[in-house]
Amino acid sequence: MDLAATPSRSKSKPRSSPAKPVAAPAESRMDLCTPSKPTPRRKSKSTASPAPMSPATRSTVRHSRRLLETPTKAAPEVQVKATPTPTSRGKRAAPSPKTPAQREPKRQKRHPRKRAYYWKVVYDGGEFEVGDDVYVKRREAAESDAEDPEEEECRVCFRTGGGVMVECDACLGGFHLRCVRPPLRRVPEGDWACPYCEVERAGKVAERPRPPEGKRIKRTAREKLLSSDLWAARIESLWREPDGTFWAKVRWYIIPEETAAGRQPHNLRRELYRTNDLGDIEMETILRHCSVMSPKDFRDANDGDDVFYCEYEYDIHWHNFKRLVDIDDELETKEDPNDKPYNAGDDYNSDTDEDSEYDEEEESTSSFSARRNQSHGLAANSRKGRIYGLQKIGIRKIPEHVRCHQKTELEKAKATLLLATLPKSLPCRDKEMEEISIFVKDAICNDQCLGRCLYIHGVPGTGKTMSALAVMRRLRSEFDSGTLRPYCFIEINGLKLASPENIYKVVYEQLSGHRVGWKKALHYLTEHFSGGTKIGKQANQPIILLIDELDLLLTRNQSVLYNILDWPTKPNSNLVVIGIANTMDLPEKLLPRISSRMGIQRLCFGPYSYRQLQEIITSRLKGIDAFEEQAIEFASRKVAAMSGDARRALEICRRAAEFADYRVKQSRQSAQSTASANKGDGVVCMGDIEAAIQEVFQAPHIQVMKNCPKFGKVILVALVHELYKSGLGEVMFDKLATTVSSWCHANRELVPGYDTLVKICCKLGESKIILCEEGSKHKLQKLQLNYPSDDVTFALKESPDLPWLSKYL
Amino acid sequence: MVAAVSVPSQAQTVLRGRLCDPAFVHSALRSSPDTNYSKLKYLVASSVSEACNNSVLLLGPRGCGKAAVVDMVLDDLRKEHPDAISVIRLNGMLHNDDNCAMKEIARQLCLEHQLSFSKMASSDDNTEFMIDMLQECGLAHKTILFVLEEFDLFAQGKQRLLYSLLDAMQSLTSQAVVIGVSCRLDADQLLEKRVRSRFSHRKLLFISPSLDDIQWLVEHLLILAKDSGLPANFRAVSYMDMESGFPSIESFLKALSSMQRQPKMDSLQDLSILELYILVCMHRLEDKEQSSYNFTSIMKEYRSIQDAYKTSDKYASTVCFRAFEHLLDRELISFGDNRGRNQALEYRPVKLLISSRELAQSLKLNTTCPVVLQKLFDRERYM
């Protein structure tokens, strides 16, 4: 329970929770391998001077511009206390000889024999929580820890305070607006470089103002960090040793200079990399808070000096980079909200958990070394090996094109039209989502959750799965805010199961974390739901089972569907099933005993109308000026008339944007000199949409027929002729060949042999313009036309190389 | 003199090398913006650099350079983004079964990233591995390119492979391009509707080149540039010695006739007299509009001919049967239907596989053919 804070690799983690194998193996590997590039992190012996973060106030500057606010409050009193506690990193439970007696944590505990874990610790007047980012001291004798200036000095007048300062984007120095030559009135928009940097950029030597004699420049924590005098780290867990010292397990951040690739030109000044390196440090060494932000937050956050940018994770063993995942909305659902206080009240509990953690780590240690010896046991594609194998994947250097590329409007449009991008809002499905959420909430809130089942149907691309998942996300956030009871959510896709029976296995695995055969799983599950022995810890939580592509679970005797739909009807089963499929009448096609269990509550997702499609597309394209208004309407009308498939509409628009982009890029390439691309060029117009629709909806056979070889055309026309004459569906090759030869003879063409004709027929048959039997039947094979004969007539009416052909049509 | 001999042979080597290298054959396509090459290149390159998913289908008859264009694009991309691409190749002929295809994907992914691979992993594991890999690679800005040749053969059964591939494309972290190559024009119609909805419907059509294009292409292939690394006197030498320096029109004709063989005609050439008799008998039977006949009825016809004309070519029926079997083996005649497999060969209905025109031609060409036979055939025809 307590360990929920640390990303330890626990066996009970359900499969679906992608809370990620990125973090887990890193930890388990932490103390067993020696990184090829050792990064010694020594504990600082000296003082801790924690200071509460100055509350930063919002300002309105965009982008990387940061206002260096001068804090209005009085500087916090700095306590200087020396408590040297030398320890070696990486060793757990290292005894720390001296106990700092003066620390007074908020939650004092009586029996300090075991480790006690905390969510939050107040230490030296600072409040540290799991998940916070902090500065950590690095040097033995940090030059002057006492002076930890919260405010930065102006680079010109070397005074702090006194007006708004602006930060240079190149050297990160702070300047008073009035000190800059020429003085600035307001904080400028966009990127701004100080005059000195501008000069240096031009290639000249700039003389920066020297500080007045006798005054040392005080470096802020940020500067120290970036010149690698400090560490930054993220607290992963906090605990207290039996002897009373406070420790934290931290995940280190690294500055670009310290990576194997070094600082790359596209690195931002304030960029840090998160590593997969964890270390145990004493709370002593923690300096104070800083904040490391994801790109999105970083863009919004404007002020404060201790803000850093972090987009990538750096693997210290393999020296490669990886993007960080957004795992915010995919956290485990199983956590109990009662855990929140996280007060390690009973020692027993934390003790056992801790032990189990050790066990697991030892286990993984041994298995890791085993892997080195014989790579057989843990292949990457088998279950156990995946954790180790996937570590390796990463990129040596962050490719430049990812970072330095300014996106054009069209490219932005393409990105938002991707099927993968999750839109901020789901328009047009409010009613249905409301219904689903009422259904699920009913099930959760009712005490003896009445086993029920909801059947959702609709043609593909009408947002069934998306809406259901959106509802579950919303419920998840409601649960996080504490207004909803805990529940368990399992999502299964019928087409991704190897066989229908495997569903038992998957459900059981998600509930219990164990893998068993499907028969055994079925047995356990039946027992669970019929009130026998329960699986897992949270036995009484309602379980919501979402089955996508439900029709794939059909077996010959339909027992799988029957079992699944029978469980909810059992008293105390606490199970709700939501089934999603395409066909409307699936329940009617099933055995009556199944349809009576399933067909009661249904929800239909109709195809989108053109207005809805238009709304979906425009809502995605909001703020991007790349599409003509009518173009969107045209596309949505076309799709609504055909299928009402939102995916199709989005793809058509994306394809049209691609066409436009291609056109723009080609024209730019061809005419570099006349590059003054006029404004209308970068917009998706009707022509692009038309081309995209053509590509999607039009079958290509007419074009291929037009470009057939000569005898191919003759054969096609002869086939149409023969079919028309006989009125039958198929023609013998024999007959066809005689017709062809007589035609050729009559029109003074070279008369082809049978063998040639058979060859051509087989070629046409391969691209399925005609359907024919295998070539070994030769003269006896039967031929059929795969497309309407009108298409042939249309395609071959005018063929320049065979003018006589049209008279036979 | 030695130089004169070696230069044409050198030229021959160069030409052979060019003709066998598909990259060179299609390299002329690089320059123009309207070719499928540059369209596909743009499509794949933009999804690599913009980190998005895509799927595209290349359609067209065989021999239009679909696979060659894919190869060229992949080569170019490997050069441009050396680390960021891994290619998985599947062929519908080889990996027809979904499980086997999944395993192959896992194997190639492991190979590409130097991971250890286990043959024992279940298909569930492999699927999961693929999805994990897609995510990991997406996070590392690596694009996985799936090239599915004979795409239509993947669209059989439940299409689990295509579904899971295309469904994985709907997640934000994955970064992959699926390129399907097929010669069936209706390949996208074969997809199940939920798979079709996930497929992006980008299609590139390859059509067989027109006469002008071929002419241009052949010129590009065969004309040696002056600076092609050959000694400068090459042209002079080849002008002097026409036969050995240039391929002449005769050699082209010879090559053409050796390429376009007429197998039935060829095998008609060297038939024995008895076999010709049997064929003529069968032809007579067919002319009498006897729709179904077997060996015994052929023998009856044969005997009646022999009785009427008293030729020297009268053989016992066992000998005739041997000749009949031989004709079956050469596939000049075949059984009329597949029924009655357990019947004796004599009684199974047979059919001619050659036309009367072909037969007539071969009788004319065959110098040893008795005049009677020719007459028999002609009389039937023009009576």
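Draft legend 1. Representation of the pairing of strand 13 (residues 452-458) of chain A within the structure. All names here are of chain A. Counted residue by residue, strand 13 has six buried out of seven residues, so it is predominantly covered. Both strand 13 and strand 16 (residues 575-581) contribute to a ladder of six bridges, which runs parallel. Bridging across to strand 16, Ile-456 finds its partner in Ile-580. Alignment of strand 13 against strand 17 (residues 601-605), held across five bridges, turns out to be parallel. Looking at the pairing, His-457 lines up with Cys-604 of strand 17.

Draft legend 2. Geometry of the sheet that holds strand 13 of chain A. Residues and elements named next belong to chain A. Strand order in the open sheet formed by five strands is 14-15-16-13-17, with parallel pairing between adjacent strands. Strand pairing shows two members of the sheet lacking a second neighbour, strand 14 (488-493) and strand 17, which therefore form its edges. Across the sheet, the mean angle separating the axes of adjacent strands is 15° when strand polarity is ignored. Bridge analysis of strand 14 against strand 15 (residues 543-548) gives six bridges, and the strand direction is parallel. Each bridged residue has a counterpart across the sheet, and for Glu-491 the counterpart in strand 15 is Leu-546. Relative to the sheet, helix 9 (residues 430-445) contacts strand 13, strand 15, strand 16 and strand 17, its axis offset from that of strand 17 by approximately 155°.

Draft legend 3. Examining the interface of chain B and chain A more closely. Counting from both sides, the interface comprises 81 residues of chain B and, opposite them, 82 residues of chain A. Across the interface of chain B and chain A, roughly 7,500 Å² is buried in total on both sides, 53% from carbon and sulfur atoms. Scanning the region where chain B abuts chain A turns up eight salt bridges. Of the charged contacts, one joins Arg194(B) and Glu549(A) as a salt bridge, the two residues approaching to 2.6 Å between their closest N and O atoms. Where chain B packs against chain A, one counts 23 residue pairs in polar contact (both at pLDDT 80 or more). Here the side of chain B that touches chain A takes 13 residues from helix 6 (residues 123-139) of chain B, the largest share from any one element. When the residues that make up the side of chain B that touches chain A are grouped by side-chain class, the tally is 29 nonpolar, 26 polar and 26 charged.

Draft legend 4. Main features of the environment of Val471(A). All names here are of chain A. Residue placement: Val-471 occurs in helix 10 (residues 464-480). Judged by its relative accessible area of 1%, Val-471 falls in the buried class. The spacing of Val-471 and Ile-438 is 33 residues in sequence and 9.7 Å in space, taken between C-alpha atoms. Sequence-distant contacts of Val-471, that is, excluding residues within four places in its chain, are made with Met-433, Ile-436 and Ser-437.

Draft legend 5. Looking closely at unusual backbone geometry. Unlike most non-glycine residues, Lys768(A) shows phi in positive territory, near 60°. Relative to the helices and strands, Lys768(A) is located in the loop between helix 23 (754-766) and strand 19 (770-772). Assessed through its relative accessible area of 22%, Lys768(A) is described here as partly exposed. One non-glycine residue, Glu331(B), lies in the positive phi region at around 60°. Counting through the fold element by element, Glu331(B) comes out in the loop between helix 17 (317-329) and strand 6 (333-335).

Draft legend 6. The pattern of salt bridges, seen in detail. Residue and element names in this part refer to chain A. If you walk through the whole model with that rule in mind, you get 40 salt bridges over all chains. A salt bridge links Arg-234 to Asp-133, with the nearest nitrogen and oxygen atoms 4.0 Å apart. Note that Arg-234 is positioned in strand 7 (residues 230-240) and Asp-133 in strand 4 (residues 133-137), a separation of 101 residues in sequence. What makes Arg-234 partly exposed here is its relative accessible area of 29%. Between Arg-654 and Glu-651 there is a salt bridge, with the nearest N and O atoms lying 3.6 Å from each other. In this pair, Arg-654 and Glu-651 are both assigned in helix 18 (residues 646-670), three residues apart and thus about one turn of the helix distant.

Draft legend 7. Quick peek at the confidence of the model for chain A. Residue and element names in this part refer to chain A. Here chain A averages 71 in pLDDT, while 67% of its residues score no lower than 70. Within the model, the stretch residues 1-112 combines pLDDT values under 50 with 251 contacts to residues more than four positions away or in other chains. A low-confidence stretch, residues 327-377 stays under pLDDT 50, and its non-local contacts, those more than four residues away or across chains, total 80 contacts.

Draft legend 8. Broad picture of the side chain of Arg202(B). Assignment of secondary structure puts Arg202(B) in strand 5 (residues 202-205). The exposure class of Arg202(B) is buried, given its relative accessible area of 1%. In this structure the side chain of Arg202(B) is engaged in a polar contact, spanning 2.8 Å, whose partner is the side chain of Glu651(A). Excluding residues within four positions of it along the chain, Arg202(B) makes contact with Glu651(A), Arg654(A), Arg655(A), Glu658(A), Glu695(A), Leu43(B), Asn54(B), Ser55(B), Val56(B) and Leu57(B).

Draft legend 9. Geometry of the environment of Asn502(A). One can find Asn502(A) in helix 11 (residues 502-512). Accessibility expressed as a relative area gives 9% for Asn502(A), which makes it buried. Sequence spacing of Asn502(A) and Gly517(A) is 15 residues, and the spatial spacing of their C-alpha atoms is 8.4 Å. Once you skip the residues sitting within four places of it in the chain, Asn502(A) turns out to touch Leu497(A) and Asp124(B). Of the polar contacts made by the side chain of Asn502(A), one reaches the side chain of Asp124(B); its length is 3.3 Å.

Draft legend 10. Representation of the packing of aromatic side chains. A complete count under the given rule lists 15 aromatic pairs over all chains for this structure. An aromatic cluster is defined as three or more aromatic residues linked by ring pairs; in this entry it consists of Tyr504(A), Trp518(A), Phe529(A) and Trp567(A). Lying across the ring of Tyr610(A), Arg637(A) places its NZ or CZ 3.9 Å from the centre. In this structure, Arg348(B) is placed above the aromatic ring of Phe335(B), and the distance from its NZ or CZ to the ring centre is 4.0 Å.

Draft legend 11. Layout of the nonpolar core. Judged by nonpolar contacts, the single largest core of 38 residues is most densely connected at Leu716(A), Leu736(A), Ile769(A) and Ile770(A). Within the residue set of this core, elements represented by two or more residues are helix 20 (701-706), helix 21 (710-726), helix 22 (733-746), helix 23, strand 20 (782-785) and helix 24 (789-796) of chain A. Aside from chain neighbours lying at most four places away, what touches Leu716(A) is Met705(A), Cys708(A), Leu764(A), Ile769(A), Ile770(A), Leu785(A), Val792(A) and Leu796(A). Of all hydrophobic cores here, the second largest spans 37 residues; its members include Cys110(B), Cys137(B), Phe154(B) and Leu161(B).

Draft legend 12. Inspection of helix 24 of chain A at higher detail. Residue and element names in this part refer to chain A. By the burial criterion, the buried members of helix 24 are Asp-791, Val-792, Ala-795 and Leu-796. Along the axis of helix 24, the buried positions cluster into a sector of 110°, meaning they face one direction only. Across from the buried face of helix 24, at angles greater than 90 degrees, the exposed residues are Asp-790 and Phe-794. On the buried face of helix 24, the contacting elements are helix 20, helix 21 and strand 20.

Draft legend 13. Structural context of the environment of Leu165(B). Residues and elements named next belong to chain B. Summarising the element assignment, Leu-165 is placed in helix 8 (residues 160-168). Along the backbone, Leu-165 and Leu-221 are 56 residues apart, and their C-alpha atoms lie at a distance of 39 Å. Leu-165 has contacts with Met-130, Phe-146, Leu-148 and Val-178, leaving out every residue within four places of it along the chain.

Draft legend 14. View of the packing of helix 3 (residues 36-49) of chain B against helix 4 (residues 66-80) of chain B. All names here are of chain B. As a packed pair, helix 3 and helix 4 sit with axes 10 Å apart at the nearest point and diverge in direction by 45°. In terms of axis orientation, helix 3 runs oblique to helix 4. Judged by the sense of rotation from one axis to the other, the crossing of helix 3 with helix 4 is right-handed. Contacts from Tyr-37, Leu-40, Lys-41, Val-44 and Ala-45 in helix 3 reach Val-69, Val-70, Met-72, Val-73, Asp-76, Leu-77 and Glu-80 in helix 4. Residue composition of the contact of helix 3 with helix 4, grouped by class: nine nonpolar, no polar and three charged.

Draft legend 15. Seen up close, the pairing of strand 11 (residues 307-315) of chain A. Residue and element names in this part refer to chain A. Across the nine residues that make up strand 11, a large majority, nine, are buried. Sheet analysis places strand 9 (residues 271-282) next to strand 11, joined by four bridges and oriented parallel. Bridged to Thr-275 within strand 11 is Tyr-314. By the bridge criterion, three bridges tie strand 10 (residues 286-293) to strand 11 in an arrangement that is parallel.

Draft legend 16. The side chain of Thr275(A), seen in detail. One can find Thr275(A) in strand 9. For Thr275(A), the contacting residues outside a window of four places in its chain are Arg251(A), Trp252(A), Ile254(A), Glu313(A), Tyr314(A) and Ile316(A).

Draft legend 17. Helix 19 (residues 686-697) of chain A, seen in detail. Taking 1.5 Å of rise per residue, the twelve residues of helix 19 of chain A would be expected to cover 16 Å, and the 16 Å separating its terminal C-alpha atoms lies within 8% of that figure. Taken together, the buried positions of helix 19 of chain A are Asp688(A), Ile689(A), Ala692(A), Ile693(A), Glu695(A) and Val696(A). End-on view of helix 19 of chain A: buried residues confined to an arc of 160°, all on one side of the axis. Contacts from the buried residues of helix 19 of chain A go to helix 17 (629-642) and helix 18 of chain A together with strand 5 of chain B.

What counts and what doesn't
Residues numbered from 1 in each chain as written. Chains lettered and ligands numbered in written order. Predicted model: local features only at pLDDT ≥ 70, side-chain atom pairs only at ≥ 80, totals over all residues. Heavy atoms only, no water. Buried < 20%, exposed > 50% of the residue type's maximum accessible area, 1.4 Å probe, protein only. Helix = DSSP H or I, 4+ residues; strand = E, 2+ residues; numbered from the N terminus. Pairing = 2+ DSSP bridges. Axes fitted to C-alpha atoms, helices over the stretch in contact; angles between N-to-C directions. Contact = heavy atoms within 4.5 Å. Buried area = accessible area lost by both parts, 1.4 Å probe. Salt bridge = Lys/Arg side-chain N within 4 Å of Asp/Glu carboxyl O. Polar contact = N/O pair within 3.5 Å; in protein donor to acceptor, adjacent residues only side chain to side chain. Nonpolar A, V, L, I, M, F, W, Y, C, P; charged D, E, K, R; others polar. pLDDT = per-residue confidence, 0-100. Phe/Tyr/Trp six-rings, centres within 6.5 Å; stacked < 30°, edge-to-face > 60°. Lys NZ or Arg CZ within 6 Å of the ring centre and 35° of its normal. Core = buried A, V, L, I, M, F, W, Y, C linked by side-chain atoms within 4.5 Å. Arc of directions from axis to C-beta. Parallel < 35°, antiparallel > 145°, perpendicular 65-115°, else oblique. Left-handed = near helix turned anticlockwise from the far one by under 90°. Expected span 1.5 Å × (residues − 1).

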